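# Descriptive analysis of the structure
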Amino acid sequence: MSANIAENLDSVRTRIAAACARAGRSPESVRLVAVSKTYGPDAVRAAAAAGQRLFGENRVQEAAAKIPECPGHLEWHLVGHLQGNKAAQAARLFDWIHSVDSLQLLETLDRHAAEAGRRLQILLQINVSGERAKSGLAPEAAPAVLARANELPHLQVRGLMTIPPLAEDPETSRPVFRALRDLRDRWAAELEMDLEDLSMGMTHDLEVAIEEGATFVRVGTGLFGERPRPEKGMEPE
Ligand SMILES: *Cc1c(COP(=O)(O)O)cnc(C)c1O
């Protein structure tokens, strides 16, 4: 298991480096978030022992049980949907929240970050493709939320995140990733904000995401293997 994780980490890093080379980008410009959801602290420790430092979870409850069992120097990223009633816990557990999708959640997080004496790094999740089942802010709603985020002292807005519709062919994700980058460029200019981060790309489409400008790729199965239990989708609760 641990030998596997170290090998998988190696091959994911090689894929990232190759995609960066093709895109003319430096490999340091892409950070790997190891999505450890459904895996226990042993898997996290194995990846950490192989040099991985950024980890992602999609459920606050699961993370609350796992994080205290993991090495202390890791950086934790919430990548799944966050409900307002879990925001206090999330503000204590996570360094980054990739999935902020409403003005109300943003303000709730700011308040809890203040109480926890922390400054949270925030990405707004954008529903680029506009299909029904996905969470994320509609693009029309995002500029007002970004502007408000800029005023909240305990949050630092770093950029945008998206989850494209599930598809076999990674090229299907390309227009979604490109649209997210275009939105970012436009809003950064209009609002005069540094929105340097784009969280996009998972195991099957990370190359395409890097070619389109991803600065975070979120990889689960490519590092830890197929998840032990079937999921309803990527957006729990
Ligand atoms: C599970 C998950 C991932 C990782 O997906 P893989 O296909 O296993 O790499 C990335 N992002 C989010 C939001 C997830 O929920």
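Summarised in this report is the structure supplied together with it. In this text, all values refer to a predicted model and were calculated from it rather than measured experimentally. (Residues numbered from 1 in each chain as written. Predicted model: local features only at pLDDT ≥ 70, side-chain atom pairs only at ≥ 80, totals over all residues. Heavy atoms only, no water.)

### Concerning the nonpolar core
Counting 66 residues, the largest nonpolar core has I97, L109 and L124 as the members making the most contacts within it. Sorting elements by how many residues they give to this core places helix α1 (residues 2–23) first, with six residues. Residues within four places of L109 in sequence aside, it is in contact with L82, A87, I97, V100, L120, I122 and L155. (Core = buried A, V, L, I, M, F, W, Y, C linked by side-chain atoms within 4.5 Å. Buried < 20%, exposed > 50% of the residue type's maximum accessible area, 1.4 Å probe, protein only. Helix = DSSP H or I, 4+ residues; strand = E, 2+ residues; numbered from the N terminus. Contact = heavy atoms within 4.5 Å.)

### Structural notes on the pattern of salt bridges
Under the counting rule described, the total for this entry stands at 18 salt bridges. Where R15 meets E207, a salt bridge forms, and the shortest distance between an N and an O atom there is 2.7 Å. Here R15 is found in helix α1, whereas its partner E207 is found in helix α8 (residues 206–211), with 192 residues between them in sequence. The class for R15 is partly exposed, based on a relative accessible area of 26%. In this structure, a network of salt bridges that share partners links the residues R22, E171, R174, R178, R181, E211 and E212. (Salt bridge = Lys/Arg side-chain N within 4 Å of Asp/Glu carboxyl O.)

### Quick look at the packing of aromatic side chains
Tallied over the full model, the rule gives three aromatic pairs. A ring pair is formed by F55 and W76, whose centres lie 5.6 Å apart and whose planes are at 35 degrees; its orientation type is tilted. Taken together, the residues F55 in strand β2 (residues 54–57) and W76 in strand β3 (residues 75–78) connect sequence positions 21 residues apart. The pair formed by F55 and W76 is uniform in burial state, with each residue classed as buried. Relative to F216, the ring of W96 has its centre 4.9 Å away and its plane inclined at 75 degrees; by these criteria the two rings are edge-to-face. Here W96, found in strand β4 (residues 96–100), pairs with F216, found in strand β8 (residues 216–219); they are 120 residues apart in sequence, far enough to count as distant. Given the relative accessible area of 0%, F216 is considered buried. (Phe/Tyr/Trp six-rings, centres within 6.5 Å; stacked < 30°, edge-to-face > 60°.)

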